[in-house]
Amino acid sequence: MPTIFQVVTAGYWEKFSISNNRASDKPHWLRYCHCAKLKGTTPWSSLPISEVPITERMRMSYGLSFGSTKGHWVTNLNQQCSRASSGLFVPPSPPLNPEKVREFQRFITLSKKLLVMTGAGISTESGIPDYRSEKVGLYARTARRPIQHSDFVRSAPIRQRYWARNFVGWPQFSSHQPNPAHWALSTWERLRKLHWLVTQNVDALHTKAGSQRLTELHGCMHRVLCLGCGEQTPRGALQQRFQVLNPTWGAEAQGLAPDGDVFLSDEQVQTFQVPSCLRCGGPLKPDVVFFGDTVDPAKVDFVHKLVKDADALLVVGSSLKVYSGYRFILTARDQKIPIAILNIGPTRSDDLACLKLSARCGELLPLIDPH
């Protein structure tokens, strides 16, 4: 029989092979995080995930997640997974309902061309706050509101304040890592269950998890765009330019915002120097869609085609309050495509969904067998 070594290094995913020398025995992989409860050898470990009862998968989760391909248990890489620190911006949710999990498994199993759309709720478990979650979202914690596109474009002082805040917040924002929900969707893509992934997020966590069939609806904070000539540059390179221009400048953050910046007072930003485009001298902006701006029409048309070509639509971690994402739900409704929603709290489209689950994305998605 295979020998199981269950070793957990605090804060990191670890990968272990379970096999022996006989050709008839298949190798298996298990993935644990530091918050998993150590268990002895279990008969479930030698079965394909599809044969493990939902209730047993739930018992083994949160710290244990699975992916299987061709009869093998697999996992990708080492990643931090600190449930305690990542739960700060996650609203409370009820315990997983086994029957609901079974319904969700059936929804995924029946889909042959699954389209997934994600929102900020999938990244809160990675430590990134969202805007609208009850009690823990930006709107619930503070009276501050995100910057408007028109204000950023017309006002140099507003750009100065934005970039000063972003400069302070960037090291933390750029260091956030994917959580089990991101990894699960990346695995679904690799196993050809997920046809395409559309995200409303700008945090690049899907890319970090290895997703490739991906459309970033609102852009990505890891890129910078010149408003004059359209030149794109990496955000990391701009951070170095900020440091050169502001060698003695310093500020203490007064709070964390969702999209990579922090809260600073007006006095703190007055002396902050902002570089211009190296090519044309124009003003620089993150390559994201600010509030009040519009999504590229070509990108919208592409996603509408994806919806029409799909046989099921899964929404993960989005309240769908913003029309840029909600419109695709309307298209799915018009095409009579079944819709499932995984989100803590109500959404704008609950009445259009055939299945609604209120649970942590990182707890539920790894339980699902993508086959």
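Summarised in this report is the structure supplied together with it. Computed from a predicted model, the values in this text were never measured in an experiment. (Residues numbered from 1 in each chain as written. Predicted model: local features only at pLDDT ≥ 70, side-chain atom pairs only at ≥ 80, totals over all residues. Heavy atoms only, no water.)

## Comments concerning the side chain of His149
Right, on to step 1. Relative to the helices and strands, His149 resides in helix H5 (residues 149-154).
Right, on to step 2. Only 3.5 Å separates the side chain of His149 from the side chain of Asp293, close enough to count as a polar contact.
Right, on to step 3. When residues no more than four places from it in sequence are discounted, the contact partners of His149 are Lys285, Phe290, Phe291, Gly292 and Asp293. (Helix = DSSP H or I, 4+ residues; strand = E, 2+ residues; numbered from the N terminus. Polar contact = N/O pair within 3.5 Å; in protein donor to acceptor, adjacent residues only side chain to side chain. Contact = heavy atoms within 4.5 Å.)

## Points about the nonpolar core
Right, on to step 1. Counting 27 residues, the largest nonpolar core has Phe104, Trp188, Leu314 and Leu365 as its most contacted members.
Right, on to step 2. Residue assignment for this core shows that the elements contributing at least two residues are helix H3 (98-110), strand E6 (114-118), helix H7 (180-190), strand E7 (194-199), strand E12 (312-316), strand E13 (339-342), strand E14 (355-357) and helix H13 (361-364).
Right, on to step 3. Every residue in contact with Leu314, bar those within four places of it in the chain, is listed here: Phe104, Phe107, Ile108, Leu114, Leu115, Val116, Met117, Trp188 and Ala340.
Right, on to step 4. The next biggest cluster of nonpolar side chains, apart from the first, holds 26 residues, and it includes Phe152, Ala164, Phe167 and Met221. (Core = buried A, V, L, I, M, F, W, Y, C linked by side-chain atoms within 4.5 Å. Buried < 20%, exposed > 50% of the residue type's maximum accessible area, 1.4 Å probe, protein only.)

## Brief notes about the pairing of strand E11 (residues 284-288)
Right, on to step 1. Counting buried residues in E11 gives five out of five residues, a clear majority hidden from the surface.
Right, on to step 2. When strand E9 (residues 219-226) meets E11, the two strands line up antiparallel, connected through four bridges. Residue pairing for E11: Val224 is matched across the bridge by Pro286. (Pairing = 2+ DSSP bridges.)

## Details of the sheet that holds E14
Right, on to step 1. With parallel pairing, six strands are arranged side by side in an open sheet as E8-E7-E6-E12-E13-E14. Across the chains shown, the open sheet's two edge strands, defined by having one partner strand only, are strand E8 (214-216) and E14. Strand after strand, the sheet turns through a mean of 15° between neighbouring axes, direction not considered.
Right, on to step 2. With three bridges joining them, E7 and E8 adopt parallel strand pairing. What sits directly across from Thr199, in E8, is Glu216.
Right, on to step 3. Contacts from H3 reach E6, E12, E13 and E14, with the element oriented near 130° to E14.
Right, on to step 4. Packed onto the sheet, H7 meets E6, E7 and E12 and runs at close to 145° relative to E7. (Axes fitted to C-alpha atoms, helices over the stretch in contact; angles between N-to-C directions.)

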